Amino acid sequence: MSAENHNAPVAAVKATTPSTTRKTSLYRLRAADPPGHTDLRLFVLPRYLDREGFQARKVDHEGLSGLLVTGTIAPGPADWCDPLSALSGHPVAEENQTTLALLLVRTEQAIYGLTYGMGHLMIDPARIDPGFGIELAIRCLDADRITKVRRQVMDARGRTDENSATGGENIRGFGIEQFGEIVSQIAGQIANVPLTFTKDRTRPAHITGNDRSVKLPLGSTPASLLHDLQRIEEVCALPSPLPEFEFIAQVRPLLPKSEQVQRLDERLDAMLGGDERALLALAVPSVCRDRYDFAESFKVALGGRSRYHTELEIDQFVEAVRHRQPGSRLQALRDGRIQMFADTEGHELISSKVPADHWLTAEVSEGSFHYFYWQRRWYEIGAEYLVVIEQRIAELLARPTKVTMPPWPKGSNPKENDEDWYNKQVAARDGYVLLDKNTVHTARLRGGGLEICDALGPAGQFICVKKAEATAELNHLFAQGRVAMETLRFDTEAQEKFLAKVDELAPGHPLDRTFRSLTLVYGILLKDGVPLTPDSLFAFAKVSLLHAVTALEGMGVRVEIVSISRTSATGMVTVLQEKAPDRA
């Protein structure tokens with residue numbers, strides 16, 4: 001070797017220290033037998049166990065017991081190769097390759113699945129514990145260091161929101177409402193959990209929990225992984241979540257295709273063929289929410305027949321499937337489709353074809369637990385959660401009011417004593433103003449008209465009236481009041497046009513012309529004149545009402561609710577009658 005070679009500079013090689021942890025998706029899996037007696041192959045979808053290029057190997061290494069399944073899928077050239085070749089004039093023949101790895105690990109308490117690449121595809125979905133990720137997160141997250149929240153509103157709005165805060169903030173800063181919001185993912189820093197990652201570090205661990213799994217840094221050796229799993233089990237064994245997160249734990253989605261969901265589907269199918277219509281209702285799907293208020297007709301394709309309706313009712317759904325064979329009714333709704341139109345003739349299409357069961361909600365009770373079907377998914381509602389909702393509804397119904405609602409007797413036919421007739425009865429009293437069908441048109445409403453309310457009360461209260469036989473009608477009522485108050489608070493053009501109408505109809509009416517201190521009154525007549533109580537309201541109507549009240553009170557609007565009677569006046573009259581003995 002020459003001298004020059006001896007003196008040539010040598011590139012420095014930096015020694016790398018193996019990482020002690022790796023961020024991993026962790027699933028907790030459900031087994032009928034104790035972990036030590038369960039065949040771990042049962043947790044893997046059979047097509048991956050038998051697939052060419054995949055292998056399943058038993059794991060018994062330094063105290064770690066389990067099963068490792070790995071493989072690669074190479075389906076051939078990517079589907080964008082041909083169009084890209086045509087665009088560029090160059091041949092393109094690249095292949096997609098998908099790698100999958102799943103490590104199943106036994107502990108004394110449970111069986112866990114650690115996934116790498118697309119390894120989660122190999123887990124049998126029916127074996128996944130759907131509550132694990134959220135359960136762990138709300139027991140160990142730092143309430144002041146939350147970085148992401150995804151939630152769904154479990155009512156007729158069907159909304160999904162996702163909010164992030166890079167630096168982390170308090171859980172309450174994400175604006176999660178206490179009633180009827182399903183937190184499906186939450187992320188942030190954990191506190192007081194001695195994982196391998198936090199050992200000898202000043203930086204806290206960050207985790208993301210969802211309704212299927214949790215993603216967090218786990219130990220990279222058998223001993224450190226088992227240590228971390230033990231710490232996780234200790235956290236999950238805590239009897240209740242941290243106080244700041246307790247309300248999140250009350251609602252959890254059930255895993256699709258699980259035995260429990262299959263049982264609930266069977267119950268719902270039976271309800272569709274029976275007499276339990278009080279537990280069935282309609283709710284607007286997420287994809288239809290933005291345009292629903294503009295819909296004038298609906299095309300309903302169910303049971304091999306297509307019909308147009310100006311209103312959707314639960315009876316239309318039930319009658320279309322109730323005479324089908326047991327086990328086929330719910331599937332018929334899933335196969336059915338509904339479209340919305342902006343005109344009554346069905347020419348101005350404003351929605352795609354949406355599965356009919358996405359419009360369906362249902363309530364099923366089993367012991368102290370309640371389950372709700374919403375947008376083709378079942379949710380479990382804890383007993384304590386329902387108690388809180390009942391208490392809040394009771395408080396709302398007990399609020400005093402200064403409006404009087406006259407009796408609403410039943411007519412001899414559907415068109416007699418209808419809402420149009422009743423609104424005129426309300427407005428016939430001294431100090432009241434009829435505004436039913438008297439709409440306001442503004443640019444903000446895209447040229448459409450908005451009915452602010454059915455009548456004005458003597459002190460400027462906005463009264464919205466509804467005769468309701470099902471949840472859908474109440475959802476519409478609550479949304480109408482919310483949109484009306486929102487428009488008056490923030491649309492100056494609407495304010496001006498509304499005041500002009502009031503001045504024309506009732507000059508000098510004592511209305512708050514600043515629109516800063518508004519009172520909205522929901523006047524409700526339930527089917528057969530049943531008094532309005534927490535028990536007589538359908539569960540989804542309760543959630544819709546509480547969401548509407550939360551939003552309205554956030555705008556400074558006072559909400560009052562009056563139960564309309566078939567036989568006597570209610571509201572202010574009731575309050576005065578209750579106080580009469582004291583004056584005597």
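Residues numbered from 1 in each chain as written. Predicted model: local features only at pLDDT ≥ 70, side-chain atom pairs only at ≥ 80, totals over all residues. Heavy atoms only, no water.

J.: Go over the sheet that holds strand β12 (residues 280-282), please, and point to the residues and values.
T.: Across the sheet, which stays open at both edges, the 5 strands sit in the order β11-β19-β18-β17-β12 with antiparallel pairing between neighbours. Each edge of the open sheet carries a strand with a single partner, namely β11 (251-253) and β12. When the angles between neighbouring strand axes are averaged without regard to direction, this sheet yields 25°. Where β12 lies against strand β17 (residues 360-366), 3 bridges are found, and the strand directions are antiparallel. The residue of β17 that forms the bridge with L282 is L360. (Pairing = 2+ DSSP bridges. Helix = DSSP H or I, 4+ residues; strand = E, 2+ residues; numbered from the N terminus. Axes fitted to C-alpha atoms, helices over the stretch in contact; angles between N-to-C directions.)

J.: Quick one: what's the story with the nonpolar core, residue by residue and with numbers?
T.: Of all hydrophobic cores here, the largest spans 46 residues; its most connected members are I452, F462, M485, F498 and Y522. Listed by contribution, the elements that provide at least two residues to this core are α10 (383-397), β25 (462-468), α12 (471-490), α13 (492-505), β26 (518-526), α14 (539-554) and β27 (557-563). Top element by residues in this core is α14. It accounts for 7 residues. Beyond its immediate sequence surroundings of up to four residues, F498 is in contact with L435, V440, I452, L456, F462, L488, L511 and F515. Counting 38 residues, the second-largest nonpolar core is a separate cluster that includes L26, V105, L136 and L218. (Core = buried A, V, L, I, M, F, W, Y, C linked by side-chain atoms within 4.5 Å. Buried < 20%, exposed > 50% of the residue type's maximum accessible area, 1.4 Å probe, protein only. Contact = heavy atoms within 4.5 Å.)

J.: How would you sum up the packing of aromatic side chains? Please name residues and give values.
T.: Per the counting criterion, the structure on display carries 12 aromatic pairs. Arranged with centres 6.2 Å apart and planes meeting at 40°, the rings of Y292 and F298 form a pair that is tilted. No difference in accessibility class separates Y292 from F298, as the two residues are buried. Ring-pair connections join several aromatic residues into one group, and the members of that group are Y292, F298 and W359. The ring of F43 has R127 sitting right over it, with the charged end atom 5.1 Å from the ring centre. (Phe/Tyr/Trp six-rings, centres within 6.5 Å; stacked < 30°, edge-to-face > 60°. Lys NZ or Arg CZ within 6 Å of the ring centre and 35° of its normal.)

J.: Pulling in residues and values, what's your account of the pattern of salt bridges?
T.: Close approach of charged atoms allows side chains with opposite charge to pair. Across all of its chains, the model carries 17 salt bridges by this definition. A salt bridge links R334 to D265; the nearest nitrogen and oxygen atoms lie 3.4 Å apart. Here R334 is found in helix α9 (residues 329-335), whereas its partner D265 is found in helix α6 (residues 259-272), with 69 residues between them in sequence. Taken as a pair, R334 and D265 share a single burial class, namely buried. One salt bridge connects E493 with K497, and the closest N-O pair in it is separated by 3.3 Å. Here E493 pairs with K497, and both are found in helix α13, just 4 residues apart, close to one helical turn. Overall, the relative accessible area of 28% leaves E493 in the partly exposed class. By relative accessible area, which is 36% here, K497 ends up partly exposed. Three or more residues are tied together by salt bridges with common partners; here these are D265, R334, D357 and R376. (Salt bridge = Lys/Arg side-chain N within 4 Å of Asp/Glu carboxyl O.)

J.: Please set out a nonpolar patch on the surface residue by residue, giving values where relevant.
T.: On the surface, a nonpolar cluster with roughly 340 Å² of combined accessible area is contributed by W80, L84 and L87. Here W80 is to be found in the loop between β3 (64-77) and α3 (81-88). (Patch = residues over 30% accessible without salt bridge, like charges linked within 9 Å, V, L, I, M, F, W, Y side chains within 5 Å. Areas by Shrake-Rupley, 256 points an atom, 1.4 Å probe, with all protein chains shown as cover.)

J.: Residue-level account of helix α11 (residues 419-427), with values.
T.: Taken residue by residue, α11 has Y422, N423, V426 and A427 as its buried positions. Down the axis of α11, the buried side of the element spans an arc of 140°, and every buried residue falls inside it. On its buried face, α11 is in contact with β20 (404-405), β21 (433-434), β24 (455-456) and β25. The backbone nitrogen of D420 lies 3.3 Å from a side-chain oxygen of the residue at the head of α11, namely D418. (Arc of directions from axis to C-beta. Polar contact = N/O pair within 3.5 Å; in protein donor to acceptor, adjacent residues only side chain to side chain.)

J.: Help me get a handle on unusual backbone geometry, residues and values and all.
T.: In this structure, N192 takes a positive phi of about 60° despite not being glycine. By relative accessible area, which is 81% here, N192 ends up exposed. With phi around 55°, N417 is a residue other than glycine that occupies positive phi space. Tracing the sequence through the fold places N417 in the loop between β20 and α11. Note on N417: relative accessible area 13%, which makes it buried.

J.: Tell me what's going on with the environment of P77, and back it up with residues and numbers.
T.: Relative to the assigned elements, P77 resides in strand β3. Here P77 falls in the exposed class, since its relative accessible area comes to 61%. Through-space distance from the C-alpha of P77 to that of E94 is 5.4 Å; in sequence the pair is 17 residues apart. Beyond its immediate sequence surroundings of up to four residues, P77 is in contact with E94 and E95.

J.: Outline the pairing of strand β5 (residues 111-117), supporting the account with residue identities and numerical values.
T.: Taking burial as the measure, the 7 residues of β5 include 5 buried ones, the bulk of the element. For strand β1 (residues 21-29) and β5, the ladder comprises 5 bridges, and the chain directions are antiparallel. Looking at β5, one finds that L26 is bridged to L114. The sheet contact formed by strand β4 (residues 95-106) and β5 spans 7 bridges and is antiparallel. By the bridge assignment, L100 is partnered in β5 with G117. With antiparallel pairing between neighbouring strands as the criterion, β4 and β5 make up a hairpin whose turn holds 4 residues.

J.: I'd like a rundown of the confidence of the model for the protein, residues and numbers included.
T.: Per-residue pLDDT for the protein has a mean of 84; in total, 88% of the residues score no lower than 70. Per-residue pLDDT stays below 50 along residues 1-16; that stretch engages in 1 contact with residues further than four places along the chain or on separate chains. Note on residues 574-584: pLDDT is under 50 here. Beyond four places in sequence and across chains, it has 4 contacts. (pLDDT = per-residue confidence, 0-100.)

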